[in-house]
Amino acid sequence: MKFPWLGLMTGTALTLSAAFSLALGDTVTPKAVATHYADMAEAMYGDARAAAADLQKAVDALVAKPSQEALDAARKAWVESRPWYQQTEGFRFGNAIVDDWEGRVNAWPLDEGLIDYVNIATYGEESDENVLYAANVIANPKLTIGTETIDASAITPDLIKSLHEAADSEANVSVGYHAIEFLLWGQDLNGTGPGAGNRPYTDFDPVKCTNGNCERRAAYLKSATDLLVADLDEMVANWGPEGAARKDVLSKPDAEALATILTGLGSLSYGELAGERMKLGLILHDPEEEHDCFSDNTHNSHYYDVAGMWSIYSGSVPRRDGTVLEGPGIQDYAASAAPEAKTRLDGLMQDALARFKAIKDKGDSGAMAYDQMIGAGNAEGNALVQAAIDSLVAQTRGIEAMVTALDLKIKVEGSDSLDNPAAVQTP
Amino acid sequence: MKRIPAGLAAVLALTATAAADPLDTAMGKALFARNWVAAPASTDASDGLGPLFNARSCNACHAGGGPARFETDNGRLKARGLVVRSGDPDGRPHPLLGAQLQTEALPGLAAEARIAVRLQGEGLVVETRLQVPEDAVVLETRIAPSLRGRGAIDRIDETAILALADPSDRDGDGLSGRANMIADAGGRLVPGRFGSKATGASLMLQTATAAALDLGLSSPLVPRPHGDCTPEQADCLAHATGRSTITEDEEISVDMVRLITAYVATLEPRQPDMAARGFELFRDSGCGGCHVPQLPDRDGMPVTIFSDLLLHDMGDATSSELRDGSALPGEWRTAPLIDLDPRQETRRYLHGGKAATIEEAIRTHGGEAAPARDRFRQLDGRERQLLLDFLAQL
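Quick caveat: nothing in here was measured; it's all calculated off a predicted structure. (Residues numbered from 1 in each chain as written. Chains lettered and ligands numbered in written order. Predicted model: local features only at pLDDT ≥ 70, side-chain atom pairs only at ≥ 80, totals over all residues. Heavy atoms only, no water.)

**Section: the packing of aromatic side chains**
Geometry of an aromatic ring pair is reported as the spacing of the ring centres plus the angle between the planes.
Thinking step 1. Under the definition given, this model contains 18 aromatic pairs over all chains.
Thinking step 2. Aromatic side chains Tyr303 of chain A and Tyr304 of chain A sit 4.9 Å apart centroid to centroid with 85° between the ring planes, which places their arrangement in the edge-to-face category. The pair Tyr303 of chain A / Tyr304 of chain A is uniform in exposure class, with both members buried.
Thinking step 3. Through a chain of ring-to-ring contacts, three or more aromatic side chains come together here, namely Tyr37, Tyr45, Tyr85, Phe91, Trp101, Tyr177 and Trp239 of chain A.
Thinking step 4. One Lys or Arg, Arg82 of chain A, reaches over the ring of Tyr177 of chain A and ends 4.8 Å from the middle of that ring.
Thinking step 5. Looking at Lys197 of chain B, its charged tip hangs above the ring of Trp332 of chain B, at a distance of 4.6 Å from the centre. (Phe/Tyr/Trp six-rings, centres within 6.5 Å; stacked < 30°, edge-to-face > 60°. Buried < 20%, exposed > 50% of the residue type's maximum accessible area, 1.4 Å probe, protein only. Lys NZ or Arg CZ within 6 Å of the ring centre and 35° of its normal.)

**Let's talk about the nonpolar core**
Thinking step 1. If you look at the biggest cluster of nonpolar residues, it comprises 161 residues, and the most contacted ones within it are Leu184, Trp239 and Met278 of chain A.
Thinking step 2. The greatest single-element share of this core, amounting to 15 residues, is contributed by helix H2 (residues 30-64) of chain A. (Core = buried A, V, L, I, M, F, W, Y, C linked by side-chain atoms within 4.5 Å. Helix = DSSP H or I, 4+ residues; strand = E, 2+ residues; numbered from the N terminus.)

**Here's the deal with helix H15 (residues 379-405) of chain A**
Thinking step 1. The terminal C-alpha atoms of H15 of chain A lie 38 Å apart, and with 27 residues this matches the ideal 39 Å at 1.5 Å per residue to within 8%.
Thinking step 2. Of the residues trailing H15 of chain A, Asp407 of chain A is marked for its positive phi of about 60°. (Expected span 1.5 Å × (residues − 1).)

**Considering the state of the cysteines**
When the sulfur atoms of two cysteines share a covalent bond, that bond is a disulfide.
Thinking step 1. Using the criterion set out here, one finds two disulfides over all chains in the structure.
Thinking step 2. The side chain of Cys209 of chain A participates in a disulfide bridge whose partner is Cys214 of chain A; the two sulfur atoms lie 2.0 Å from each other. On the sign convention where negative means left-handed, the S-S torsion of about 85° between Cys209 of chain A and Cys214 of chain A marks this disulfide as right-handed.
Thinking step 3. With its sulfur 1.6 Å from that of its partner, Cys229 of chain B forms a disulfide with Cys236 of chain B.
Thinking step 4. For Cys58 of chain B, which is in no disulfide, the shortest distance to another cysteine sulfur is to Cys61 of chain B and amounts to 9.0 Å. (Disulfide = S-S within 2.5 Å.)

**A short note on the pairing of strand E2 (residues 69-73) of chain B**
Thinking step 1. Examined bridge by bridge, E2 of chain B and strand E3 (residues 76-80) of chain B share five bridges and lie antiparallel to one another. Note on E3 of chain B: the bridge partner recorded for Arg69 of chain B is Arg80 of chain B. (Pairing = 2+ DSSP bridges.)

**With respect to the packing of helix H11 (residues 298-314) of chain A against helix H13 (residues 339-364) of chain A**
Residue and element names in this part refer to chain A.
Thinking step 1. Two numbers describe how H11 lies on H13: the axes approach to 9 Å, and their chain directions differ by 155°. It follows that H11 is roughly antiparallel to H13 by the angle criterion. Like other packed secondary-structure pairs, H11 and H13 cross with a definite hand, here left-handed.
Thinking step 2. Within the contact of H11 with H13, the residues separate by chemical class into 13 nonpolar, five polar and five charged. (Axes fitted to C-alpha atoms, helices over the stretch in contact; angles between N-to-C directions. Parallel < 35°, antiparallel > 145°, perpendicular 65-115°, else oblique. Left-handed = near helix turned anticlockwise from the far one by under 90°. Nonpolar A, V, L, I, M, F, W, Y, C, P; charged D, E, K, R; others polar.)

**Quick word on the environment of Ala198 of chain B**
Residue and element names in this part refer to chain B.
Thinking step 1. Tracing the sequence through the fold places Ala198 in the loop between strand E10 (189-191) and helix H6 (203-215).
Thinking step 2. Its relative accessible area of 0% is what places Ala198 among the buried residues.
Thinking step 3. Considering only alpha carbons, one finds Ala198 and Asp44, 154 residues apart in sequence, at a separation of 33 Å.

**Quick word on the confidence of the model for chain B**
Thinking step 1. The predicted model of chain B averages 88 in pLDDT, with 95% of residues at 70 or higher.
Thinking step 2. Taken over the whole predicted complex, pTM reads 0.86, whereas the ipTM for its chain interfaces reads 0.80. (pLDDT = per-residue confidence, 0-100.)

**Notes on the side chain of Gln102 of chain B**
Residue and element names in this part refer to chain B.
Thinking step 1. Among the structural elements, Gln102 can be located in the loop between strand E4 (82-87) and strand E5 (104-105).
Thinking step 2. We classify Gln102 as buried; its relative accessible area is 0%.
Thinking step 3. Reaching out from Gln102, the side chain makes a polar contact with the side chain of Asp228 at a distance of 3.4 Å.
Thinking step 4. Residues within four places of Gln102 in sequence aside, it is in contact with Leu52, Phe53, Asn54, Ala111, Glu112, Ala113, Leu213 and Asp228. (Polar contact = N/O pair within 3.5 Å; in protein donor to acceptor, adjacent residues only side chain to side chain. Contact = heavy atoms within 4.5 Å.)

Written as structure tokens, this is what we have:
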């Protein structure tokens, strides 16, 4: 797999300077930074949407004519769609519109038993055969969830969306990238050994159908993919010229707009990526406390989270068409407003990028997948992951120092107590 | 009771958590907010929800670590963080329904009940429709408390709690106060300090109990993989569990409970203004007889929780027919007065949410609290308001 902008990203990393260059004497205003932030969000969600549309084409081809080649092509399209989404995650925290929406596209962990069959033989059941766990949407045209009976005779985007949103704000996780991933790969039953999920293409073949309900499974896969594209469309529009998310950030006073940007970067670095996605998995040595657990693509999803943070910080975004979107990042504003904090944070973010590149390289080399890296007794892998976690913690401290230097106020997710009553809110 | 300079307790609290890995509370917060999923799922450490459950996450009922909330949506009142406990006519957990009605179930199973709430005037009406009709059942509502200050309660010296106990009112002050002695994780009998009937021996055990009862997650501390399923609920017991070697053969490990507890312990109480006139009125009215402002922690430093953590008879108006540990019907643990903020009227008070305001909650007190309640009633309007303002900022 090849990402045209990987080289660009590394180039930026080596020179330690923002791609956006200023004529001597120019000053970057917070308003210009906020405007370019919204432009970056529109472009980055646009690229995520375009990559998802390519995935949609591949899924349509698989459903129309199931074959090993078509399944491989769909898996490849899914893997190629991930960096374009992951690099947007720095927009999540601080932008309520994004955070409220995020659960529909990237929710994890997944209620896979609600979607399709899962193997309970690995859970110590007596049978040697795969025992198919039956209470799932694909196998059941009629479902009971809590006190609700749901007509699932036709699997449509609306149906799976309603399942996802069942039970008030607390959802069954039945849609998004990871639902699609589960349908394309199936469960990864290899533990911390090598190998990803291994669903046969015949699971989607009405003629040579394996594991039953192949037409319903194909309909689920298509519905989930169509829904993903529609949800990404919605987020692109939110950052468009009249979009609510753009208006929201541009209507904020300067200090709040800058705080929004750093809240997103700090919260993703700390509680979300370093804490929940990485440290927890490392402590538990759980092979599936990895982000892209069915496809063994976690090394990439983590790397592009970090790469995306650098883009948002520096204002320089490699695009899917090979061009680079450039404009004033908060880095450029800090260059004059808080030069020492900026220099420090540049170094910390570059260090984090290098640590995550080491994980990515190890994963890409085929020597060790991320789930193996966090396995018990794997000193080399554990050390790689721990170093990456430490670099994110340091990066968070650098972001907090910049917040102080710029005289801003932010709340980094998971980083302090809830002394601020305004932070006590409904999820 | 000794007074301490305001702020000292907060400083001490910081040092108490400073030794932990800074990511512990971040991971704990993530686990607190995590939507758990049904077993079997590929994510071994994240499955184990149910089979019967009230919520998928801690955060669903304690949003941001806060209390139950009552919001009106399109004219319909919605309660988040309200549960209905169930018992037999003797007050013991119900043989079919268990200790609590679960309103959610994994696909293929039926939930035990549907619960709807509405207002009648200021009064809260909780309507419970059982999936399987049962005659001999006692139902009582409970609302989720704010989790602020729970770390402080956990630090309190147990001998200080026991020293306040006076079960037969030997000192003749009209206040009995009984410790609900309960086994801790090591099997030692200690005074319970958490929960409306003081059945939680420690914050970790209380957290593990909530995980089992409300989410259906078992841990080595409370090893109940089927949550609140009873032997009569065979289909529930037959359901797959999320037990895994990764999580110490249960659904969540002791370490995961510890992380959640570490996060909850960061939710510190606010520092009340003890120089306020409202505090003097609170003290002089006798509220502090049970709502003891400060107790020493294990290092002898005062902690402000406004509770003696003992069981008292609160009278008929708040009577309970359910037993819990050694707590008798009618007995409640003195609720800590921490985080009473009305939150734009989305808040309710007392164990079951009976009171819409702090004032109504005070007026509903009876039993041993009747004399203090009467002194509150006798305050003039301005003084009553000063006292209420003091409580609202706790």
